[in-house]
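Inside the fold
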Amino acid sequence: MFVPCERGGGSAGSDFKGFTLLMPAVSVGNVGQLAIDLVISTLDMTKVGYFYTDCLVPMVGNNPYATAEENSMELSINAEVYSLPSKKLVVLQIRSPFIKNKYRPFCQALLSWVKSSKCARVILLSSSHAYQRDDEQLLGTPLRYLLTPDLEKAVGGLMQELNWKEMEKVAAYPGINDTEKVLHIPGGGITKLLFTESCSKGIQMAVLLKFCSEGDNIPDAFALVNYLNEWLQLIKNESNNSTDTSSQWKIPSSWRLLFGNGLPPALF
């Protein structure tokens, strides 16, 4: 459940009618979470509350978006909500993995909040294992999208104009029955469950995902957030390249410790 914080404006900070909810799936390479970090940091979004749930591993840490010593000591937890009313945007950042067998209760609680807060649509940033692509998915861009039927009516034409590729369905039983196709997102965490639940509940949801592998996933995060920006135009492109806005995203201070401390010089 959503709990507003006083700094975010109390009850006013929980009024998200007509807003777009942007959130990550905890998926391969943490690409969605890194992309969300770039959005929050670049747009300087205000924390308005947190999502209280027993479905995520508990965690606490320093402010990941600290800009000065004064705000570096602020605490952050596993699921926090940020808002930018000027762009009708609300962001749920998830910072810890799911507890076993808690996917479905989390999805139900999340979609219940989406309905009660009257968010217009949900955009889920995700990723999938690159090594598990089929032949068709190996062609062209590694970026894909999915739309629920309710959102397809509203923005399906725009996706065609952007020349985006829809996530392909794969054979349910490869080599045995290739005619029966199913949606398969290996390494995607809650992506498939949340998408199918949204379809059945009539919620407008889009999934934007990238095929990738574990490792240094910062380039994947930039690719995914640029993909999102093609649609939402969160930041204006000031370069000659019509799609690459990587240099304009603000890297949060917490990324300095993404791979821990550097090697001690005494080793060499």
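Before reading on, note that the structure itself is shown above.
A few points on the structure. (Residues numbered from 1 in each chain as written. Predicted model: local features only at pLDDT ≥ 70, side-chain atom pairs only at ≥ 80, totals over all residues. Heavy atoms only, no water.)

1. Some words on the nonpolar core
Stated formally: Note on terminology: a nonpolar core comprises buried Ala, Val, Leu, Ile, Met, Phe, Trp, Tyr and Cys residues joined through side-chain atoms within 4.5 Å. Note on exposure labels: buried denotes an accessible area under 20% of the residue type's maximum, exposed denotes more than 50%, and partly exposed covers the range between, all computed with a 1.4 Å probe on protein chains only. We call two residues in contact whenever any of their non-hydrogen atoms come within 4.5 Å of each other.
In this structure, Val39, Leu208 and Trp231 are the most contacted members of the largest nonpolar core, which totals 41 residues. Residues within four places of Val39 in sequence aside, it is in contact with Leu22, Met45, Leu89, Val225, Leu228, Leu234 and Trp249. In this structure, Leu21, Ala25, Phe106 and Val122 belong to the second largest nonpolar core, which totals 40 residues.

2. Considering the packing of aromatic side chains
Note the threshold: The aromatic pairing rule takes the rings of Phe, Tyr and Trp, using the six-membered ring of Trp, and pairs them if the centres are within 6.5 Å, calling planes under 30 degrees apart stacked, those over 60 edge-to-face and the rest tilted. A run of H or I in DSSP counts as a helix once it spans at least four residues, and a run of E counts as a strand once it spans at least two, with each numbered from the N terminus.
Scanning the entire structure with this criterion turns up 13 aromatic pairs. On the numbers, 3.9 Å between centres and 25° between planes, the contact of Trp164 with Tyr227 is stacked. Linking Trp164 in the loop between α3 (149–161) and β10 (170–173) with Tyr227 in helix α5 (residues 218–232), this pair joins segments that are 63 residues apart in sequence. The two residues Trp164 and Tyr227 agree in class, both being buried. Centre to centre, the rings of Trp164 and Trp231 are 6.4 Å apart; their planes meet at 90°, and the pair counts as edge-to-face. Pair noted here: Trp164 is in the loop between α3 and β10 and Trp231 is in helix α5, with a separation of 67 residues, a long-range link. With respect to class, Trp164 is no different from Trp231; both count as buried.

3. Some remarks on the state of the cysteines
Keep this limit in mind: Any pair of cysteine sulfurs within 2.5 Å is marked as a disulfide.
Per the stated rule, a full pass over the model turns up 0 disulfides. Looking at Cys55, it has no disulfide partner, and the nearest cysteine sulfur is the one in Cys107, 8.8 Å off. Distance from the sulfur of Cys119, which forms no disulfide, to the nearest cysteine sulfur (Cys107) is 16 Å. Note on Cys119: relative accessible area 12%, which makes it buried.

4. Looking at the pairing of strand β7 (residues 89–94)
Operational definition: A pair of strands is treated as paired once DSSP finds two or more bridges between them.
In terms of burial, β7 is a largely internal element, 6 of the 6 residues being buried. The pairing of strand β2 (residues 20–24) with β7 spans 3 bridges and is parallel. Its bridge partner lying in β7, Leu21 is registered against Val90. Summarising the sheet, strand β6 (residues 79–84) and β7 pair through 6 bridges and their orientation is antiparallel.

5. A short note on a nonpolar patch on the surface
For the record, the criterion: Patches were defined on residues exceeding 30% relative accessible area and lacking a salt bridge, with like-charge contacts within 9 Å and nonpolar side-chain contacts (Val, Leu, Ile, Met, Phe, Trp, Tyr) within 5 Å. Each accessible area is a Shrake-Rupley result for a 1.4 Å probe, and residues are judged covered by the shown protein chains and nothing else. The term salt bridge refers to a pairing of a side-chain nitrogen on Lys or Arg with a carboxyl oxygen on Asp or Glu at a separation within 4 Å.
A contiguous nonpolar patch, built from Leu263, Leu267 and Phe268 and spanning about 430 Å² of accessible area, is present on the exposed surface. Structurally, Leu263 is set in the segment after α5. In this structure Leu263 comes out as exposed when scored by relative accessible area, which is 64%.

6. Overview of the pattern of salt bridges
Applying the stated criterion to the full structure yields 7 salt bridges. As a salt-bridge pair, Lys102 and Asp54 come within 3.6 Å of each other at their nearest N and O atoms. A residue pair is termed long-range when its members are at least 10 positions apart, and Lys102 in the loop between β7 and α2 (103–117) and Asp54 in the loop between β3 (46–51) and β4 (60–62) qualify at 48 residues. We note a salt bridge from Asp220 to Lys210, for which the minimum N-O separation is 2.8 Å.

7. Here's the deal with the packing of α2 against helix α4 (residues 191–201)
For clarity, the threshold we go by: Axes here refer to lines fitted to C-alpha atoms; in helices the fit is confined to the stretch in contact. Angles between the N-to-C directions go from 0 to 180 degrees. Orientation labels follow simple angle bins: below 35 degrees gives roughly parallel, above 145 gives roughly antiparallel, 65 to 115 gives roughly perpendicular, and whatever is left gives oblique. Helix crossings get a hand from a simple test, with the near helix turned counterclockwise from the far one by less than a right angle marking a left-handed crossing and a clockwise turn marking a right-handed one. Classes in brief: Ala, Val, Leu, Ile, Met, Phe, Trp, Tyr, Cys and Pro nonpolar; Asp, Glu, Lys and Arg charged; the others, Gly included, polar.
Between α2 and α4, the least distance of the axes is 10 Å, while the angle of their chain directions is 45°. When the interaxial angle is binned, α2 and α4 end up oblique. Here the hand of the crossing between α2 and α4 comes out right-handed. Of the residues in α4, those in contact with Tyr103, Arg104, Cys107, Leu110, Leu111 and Lys115 of α2 are Leu193, Leu194, Glu197, Ser198 and Lys201. Here the contact of α2 with α4 is built from residues that sort into 6 nonpolar, 1 polar and 4 charged.

8. A closer look at helix α1 (residues 31–43)
We apply this condition: The span you would expect from a helix comes to 1.5 Å times its residue count less one.
Compared with the 18 Å implied by 1.5 Å per residue over 13 residues, the 19 Å span of α1 between its first and last C-alpha is a close match. Buried residues of α1: Val31, Gly32, Gln33, Leu34, Ala35, Ile36, Asp37, Leu38, Val39, Ile40, Ser41 and Leu43, and no others. Buried residues along α1 sit against β2, β6, β7, β8 (121–129), β12 (205–212) and α5. Positive phi appears at Asp44, one or two residues downstream of α1, with a value of about 50°.

9. A look at the sheet that holds β2
Taken together, 8 strands build an open sheet; the order of strands is β1-β3-β6-β7-β2-β8-β12-β9 and the sheet is mixed. Either end of the sheet is taken by a strand with one partner, and the two such strands are β1 (2–4) and β9 (143–147). Strand-to-strand twist in this sheet, taken as the mean axis angle between neighbours without regard to direction, amounts to 25°. Docked against the sheet, α3 engages β8, β9 and β12, running at close to 140° with respect to β9. Against the sheet, α5 engages β2, β8, β9 and β12, with an angle of about 150° to β12.

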